[in-house]
Amino acid sequence: MLKRRLTDRAQPYIVAHTTNDHVAIQIWWNVIDMLSRHVYAMILEAFLYIDDGDHRVLRQFGLTPTQFSALKQLDVADGRRLTDLTELLLVDKSTVTRLIDRLEQVQLVRRVPDPDDRRAQRVVLTPVGLECREQARAAHELSIVQRMSDLSASEQQQLVVLLEKLCAPLRVKSTPS
């Protein structure tokens, strides 16, 4: 049995066996495998560029993308528990605690007692936090429109359909059991 991998990334692994059917199946499987890795690499690259753009836009408001995401989850009246933010932001409890500490230091949020549980606290936006969030949201939304403008409306719709198809099972797998 002869095995060799072609050095060109775009080429599939070639595995020579005694039957032609097996070779065809192996080549097809490896082409699909390489295609999956290429799709993954392209999604990762797009994420990195999108994340960099988000950092650039939000920097002018003194926010990171994670801080902005947290502010978007909050309101002035009810707020949210830290544990809720942990789940919504897909980060651990210590990260949320440090995140809220930083936002509290710059007076964008404040902790208040939870009326339903004396042991818990809720995080609410301050008026300054609400104003910052709304200004950042407007700039961020404009930036998104500008960054996506290379895709037609039809292409954006196609991309949404494909990404929803990809994300749906991933959401289920990342949900805590």
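Refer to the structure above for everything that follows.
Everything numeric here is computed off the predicted structure, so don't read it as measured data.

About the thresholds
- Residues numbered from 1 in each chain as written.
- Predicted model: local features only at pLDDT ≥ 70, side-chain atom pairs only at ≥ 80, totals over all residues.
- Heavy atoms only, no water.
- Helix = DSSP H or I, 4+ residues; strand = E, 2+ residues; numbered from the N terminus.
- Buried < 20%, exposed > 50% of the residue type's maximum accessible area, 1.4 Å probe, protein only.
- Contact = heavy atoms within 4.5 Å.
- Areas by Shrake-Rupley, 256 points an atom, 1.4 Å probe, with all protein chains shown as cover.
- Polar contact = N/O pair within 3.5 Å; in protein donor to acceptor, adjacent residues only side chain to side chain.
- Pairing = 2+ DSSP bridges.
- Salt bridge = Lys/Arg side-chain N within 4 Å of Asp/Glu carboxyl O.

Caption draft 1: Quick look at the overall build of the protein chain. Across its full length, the protein chain holds six helices and five strands. Its helices and strands in sequence order give the protein chain the pattern β-β-α-α-β-α-α-β-β-α-α, from N to C terminus. Evaluated residue by residue, the protein chain yields a buried proportion of 23% over its 177 residues. Here the analysis covers contacts within the protein chain between residues at least 6 apart in sequence; of these, 43% occur between residues at least 24 apart. Surface summary for the protein chain: the accessible area is close to 13000 Å², and the carbon and sulfur share equals 57%.

Caption draft 2: Spotlight on the environment of V76. Along the chain, the position of V76 falls in the loop between helix 2 (65–72) and strand 3 (80–81). Along the chain, V76 and G129 lie 53 residues apart, while their C-alpha atoms are 8.7 Å from each other.

Caption draft 3: Region of interest: the side chain of R122. Within the secondary structure layout, R122 lies in strand 5 (residues 117–125). Within the local environment of R122, its side chain forms a polar contact with the backbone oxygen of G79, the two atoms lying 3.2 Å apart. Look past the residues within four positions of R122 in its chain and what remains in contact with it is D78, G79, R80, R81, R110, R111, V112, D114, P115 and D116.

Caption draft 4: Up close: the sheet that holds strand 3. Pairing is antiparallel across the open sheet formed by three strands, whose spatial order is 3-5-4. Only two strands of the sheet have a single partner each, and these edge strands are strand 3 and strand 4 (109–114). The pairing of strand 4 with strand 5 spans six bridges and is classified as antiparallel. By the bridge assignment, V112 is partnered in strand 5 with R122.

Caption draft 5: Broad picture of the side chain of R133. By the secondary structure assignment, R133 is in helix 5 (residues 127–148). R133 sits in the buried class, given a relative accessible area of 10%.

Caption draft 6: How the structure looks around the environment of G79. One can find G79 in the loop between helix 2 and strand 3. Looking at G79, the relative accessible area reads 12%, which means it is buried. Along the backbone, G79 and R122 are 43 residues apart, and their C-alpha atoms lie at a distance of 5.8 Å. Apart from the residues lying within four places of it in its own chain, the contact partners of G79 are R122, V123 and V124.

Caption draft 7: Examining the pairing of strand 5 more closely. Relative to strand 5, strand 3 runs antiparallel, the two sharing two bridges. Pairing of R80 across the sheet is with V123, part of strand 5. Linking two consecutive strands that pair antiparallel, namely strand 4 and strand 5, is a turn of two residues.

Caption draft 8: Looking closely at the pattern of salt bridges. Taken as a whole, this structure holds 12 salt bridges when the rule is applied. R56 serves as the salt-bridge partner of D52, at 2.7 Å between the closest nitrogen and oxygen. Within this pair, D52 and its partner R56 are both found in helix 1 (residues 20–59), separated by four residues, close to a single helical turn. Given a relative accessible area of 55%, R56 falls into the exposed group. Residues R81 and D114 are paired through a salt bridge, measuring 2.6 Å at the closest nitrogen-oxygen approach. You can see R81 sitting in strand 3 and its partner D114 sitting in strand 4, a full 33 residues away along the chain.

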